Amino acid sequence: MDDSRAQLTKDGIRLYQQVDFAGMHKAGKLAAEILDRVAPLVYPGQTTAVIDKAVEDMVTEAGAISATIGYKGYRHATCISVNHVVCHGIPSDKKLHDGDILNVDVTVIVDGWFGDTSRMYVAGKMPRKAERLVQVTHDALFKGIEAVKPGNTFGDIGHAIQAYVEGNRMSVVRDFCGHGLGRVFHAPPNVLHYGRPGTGPVLEEGMFFTIEPMVNLGRPETKVLADDWTAVTRDKSLSAQFEHSIGVTADGFEIFTLSPAGKFHPTWG
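Keep in mind that this is a model prediction, so the values were computed, not measured. (Residues numbered from 1 in each chain as written. Predicted model: local features only at pLDDT ≥ 70, side-chain atom pairs only at ≥ 80, totals over all residues. Heavy atoms only, no water.)

**Re the overall build of the protein**
So, point 1. Summing up its helical and strand segments, the protein has 4 helices and 17 strands in all.
So, point 2. Its C-alpha radius of gyration of 17 Å places the protein within 12% of the 18 Å reference for a compact globule of 269 residues.
So, point 3. Dimensions of the protein, computed from the C-alpha atoms along their principal axes, are close to 50 × 45 × 35 Å.
So, point 4. By sequence separation, contacts in the protein at least 24 residues apart represent 71% of the contacts at least 6 residues apart.
So, point 5. Carbon and sulfur atoms provide 51% of the accessible area of the protein, an area that totals close to 11,500 Å². (Helix = DSSP H or I, 4+ residues; strand = E, 2+ residues; numbered from the N terminus. Rg over C-alpha atoms; globule rule 2.2 N^0.38 Å. Contact = heavy atoms within 4.5 Å. Areas by Shrake-Rupley, 256 points an atom, 1.4 Å probe, with all protein chains shown as cover.)

As structure tokens, this is what we get:
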């Protein structure tokens, strides 16, 4: 993947050109369309392995490439994280139960550009405490996105998310973060979902990155299971996550992974 056109900031963050936004929109749109099509596949009795295979087929049908298949030995087109799984859940033959909440994370490569997004779903009827967690996590993502504009800092993004989440008596996971992307899957900067205003690298036009807060109903601590992928809450509390890929414009931001069908929130709100 040739990234030679991109300039680097003093923090090693790539600055893309205006023409590059189109490539990111195309990749982001496909990833979002695939997650729209996942919605009817989520129900009690379904397995996450079936959902994953459907996504893999969608990626192939679109003539795109799954960024996760083969990445560090990973063998699936999705990460699917159920209930107290924070992130990097591996699809399996275990059946979903009524009231389970799950995050489905998809990254596709289209013409060399990476589209990375995730959102929450529910199998059956969502329990009240899960509903509140999902809503706060969804809104926290957009609080962070609203802080994106040239001259602000990555600390401003993290602070906006942290303040909102902790104001709702939930906790922000600190062990995982968002990341730069473009013609690469992961690149600087690390996009922390907590922080102090005015700290961290300054946002500049042409930066591409993900914002993907993970929020726990309980404490923020996580642990990674023996499979070296699956991260869970240490206290077994429920966790939720939403993710968008973002580009910094001259006066704000563009979201590359908006849901074409308006299904980014599990209630389609």
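Moving on from the coordinates now.
**Section: the packing of aromatic side chains**
So, point 1. Here the structure, examined in full by the defined rule, presents 12 aromatic pairs.
So, point 2. When the centroid spacing of 5.8 Å and the interplanar angle of 65 degrees are considered together, the rings of Phe 21 and Phe 256 count as edge-to-face. Of this pair, Phe 21 sits in helix α1 (residues 20-38) while Phe 256 is found in the segment after β17 (253-255), placing the two residues 235 residues apart along the sequence. Just as Phe 21 is buried, Phe 256 falls in that class too.
So, point 3. Taking 5.2 Å as the distance between ring centres and 50 degrees as the angle between the ring planes, the aromatic pair formed by Phe 242 and Phe 264 counts as tilted. Taken as a pair, Phe 242 in the loop between β15 (239-241) and β16 (244-248) and Phe 264 in the segment after β17 lie far apart in primary sequence, 22 residues in all. Take Phe 242 and Phe 264: they sit in the same class, and that class is buried.
So, point 4. In textbook terms, an aromatic cluster arises when at least three aromatic residues are bridged by ring pairs, as seen for Tyr 16, Phe 21, Trp 113, Phe 208 and Phe 256.
So, point 5. One cation-aromatic arrangement involves Arg 183 over Trp 113; the distance from NZ or CZ to the ring centre is 4.7 Å. (Phe/Tyr/Trp six-rings, centres within 6.5 Å; stacked < 30°, edge-to-face > 60°. Buried < 20%, exposed > 50% of the residue type's maximum accessible area, 1.4 Å probe, protein only. Lys NZ or Arg CZ within 6 Å of the ring centre and 35° of its normal.)

**Details of the nonpolar core**
So, point 1. Membership of the largest hydrophobic core comes to 36 residues, with the highest contact counts inside it found for Val 38, Val 42, Leu 102, Val 104, Val 108, Tyr 121 and Phe 208.
So, point 2. When contributions to this core are tallied by element, the ones reaching two or more residues are α1, α2 (48-61), β4 (78-82), β6 (101-110) and β7 (113-122).
So, point 3. Among the elements that take part in this core, α1 stands out by supplying 8 residues, more than any other.
So, point 4. Setting aside anything within four residues of it in sequence, one finds Leu 102 in contact with Val 42, Ile 51, Ile 80, Ser 81, Val 82, Leu 96, Arg 119, Met 120, Tyr 121 and Ala 123. (Core = buried A, V, L, I, M, F, W, Y, C linked by side-chain atoms within 4.5 Å.)

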